[in-house]
Amino acid sequence: MRVKVISVPVRDQEKALQFYTQKLGFVKKFDVPLGEGNRWLTVVSKEEPEGTEILLEPSPNHLQEAKTYQQALFDKGIPYTQFNVDNTQQEYERLVKLGVEFSVKPTEMGTVKIAVFNDTCGNNIQIVEML
Amino acid sequence: MSFYQEEITRIKKICFSNERQLAAVVKTKQYIDNNLDKEVNLILLSNIGFASKFHLLRLFKKYYGMTPKQYLTDKRIEESIRNIKSGMTIAETCFSVGFECPSSFSTLFKSKTGFSPSEFQKRATFTKSF
């Protein structure tokens, strides 16, 4: 058994694709139409093109429970998932310049440094640097 | 302040209030990161981290969730994957990440990645050509 895909719920797949590629720097891997405007849409890290894919999944648009769960996490400031970075401070500064909004600025938390931003698609996402 | 920010503050107080211990393990981990190609052992690390061998071992495991040896092995394999992908030969890769014996490198590489270094190299070359 292997981990190949993890999903992130998004309310607008096209907007999510723009954010995850243009701001975060991921690259599109698969884009397969699934009817009624839905897509099997995945992105991967440029540094690990064969690594785990992120599925930008439109579940909040189709399942009220998914929307409720996503909204509850967002309102409490809880990250839906996290991505690793080499340097949280540098990544924070790069993303702020691109207009990304952070709810948690770079903060040391034991052996990691974290920060949390709004992905504009309904989620808080955490970046983590291992110190 | 959001619920999550409050939780960060609360957990920090409970788990990460001992700055001396944190400084010791972070320094040890950074030494490992910068010396993957050299011989690294617990006695050396205890001198770097200013703690006794067994205390450091316990602290490292407490804060990083694995022993220094496990961390070193994972980092070496991670680095060897990058080196093989960048075109380094398997022998060069083996020595570049601090292994002295190609057969023990090969065994460990296979146990961690599921492929022997040469199988991995073939797959990396094949993927690159497409």
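Quick caveat: nothing in here was measured; it's all calculated off a predicted structure. (Residues numbered from 1 in each chain as written. Chains lettered and ligands numbered in written order. Predicted model: local features only at pLDDT ≥ 70, side-chain atom pairs only at ≥ 80, totals over all residues.)

Further remarks concern unusual backbone geometry. All names here are of chain A. A positive phi angle is found at Glu 36, which is not glycine, with a value near 55°. Mapped onto the elements of the fold, Glu 36 is located in the loop between β2 (27–33) and β3 (39–44). For Thr 120, which is not a glycine, the phi torsion comes out positive at approximately 65°. The topology assignment puts Thr 120 in the loop between β7 (112–118) and β8 (124–130). (Helix = DSSP H or I, 4+ residues; strand = E, 2+ residues; numbered from the N terminus.)

Listed by partner, the interface residues are 14 residues for chain B and 11 residues for chain A. Considering each element in turn, the side of chain B that touches chain A owes the most residues, six residues, to helix α1 (residues 3–15) of chain B. The residue inventory of the side of chain B that touches chain A, partitioned by class, reads 10 nonpolar, three polar and one charged. (Contact = placed C-beta atoms within 7 Å. Nonpolar A, V, L, I, M, F, W, Y, C, P; charged D, E, K, R; others polar.)

What follows concerns the nonpolar core. The tendency in soluble globular proteins is for nonpolar side chains to be buried side by side. Counting 13 residues, the largest nonpolar core has Ala 16, Tyr 20 and Leu 56 of chain A as the members making the most contacts within it. Only α1 (13–23), β3 and β4 (53–57) of chain A provide two or more residues apiece to this core. Sorting elements by how many residues they give to this core places α1 of chain A first, with four residues. Discounting residues that sit within four places of it in the chain, Ala 16 of chain A has contacts with Val 10, Leu 56 and Cys 121 of chain A. Core analysis: the next-biggest nonpolar cluster, separate from the first, contains nine residues, Ala 24, Val 25, Leu 59 and Tyr 64 of chain B among them. (Core = buried A, V, L, I, M, F, W, Y, C linked by C-beta atoms within 7 Å. Buried ≥ 20, exposed ≤ 12 C-beta atoms within 10 Å, placed from the backbone.)

All names here are of chain A. Among all positions in helix α3 (residues 88–97), only Thr 88, Glu 91 and Tyr 92 are buried. Projected onto a plane normal to the axis of α3, the buried residues spread over an arc of 105° and lie on a single side. Facing away from the buried side of α3, by more than 90 degrees, are the exposed residues Gln 90, Glu 93 and Lys 97. Downstream of α3 by one or two residues, Gly 99 has phi in the positive range, about 90°. (Arc of directions from axis to C-beta.)

Before going further, it helps to spend a moment on the domain arrangement of chain B. Residues and elements named next belong to chain B. Structurally, chain B comprises domain 1 (3–65) and domain 2 (72–128). A separation of 27 Å is found between the C-alpha centroids of domain 1 and domain 2. Contacts between the two partners involve seven residues from domain 1, matched on the other side by seven residues from domain 2. Looking at the side of domain 1 that touches domain 2, its residues break down into three nonpolar, no polar and four charged. (Domains from an automatic or database assignment.)

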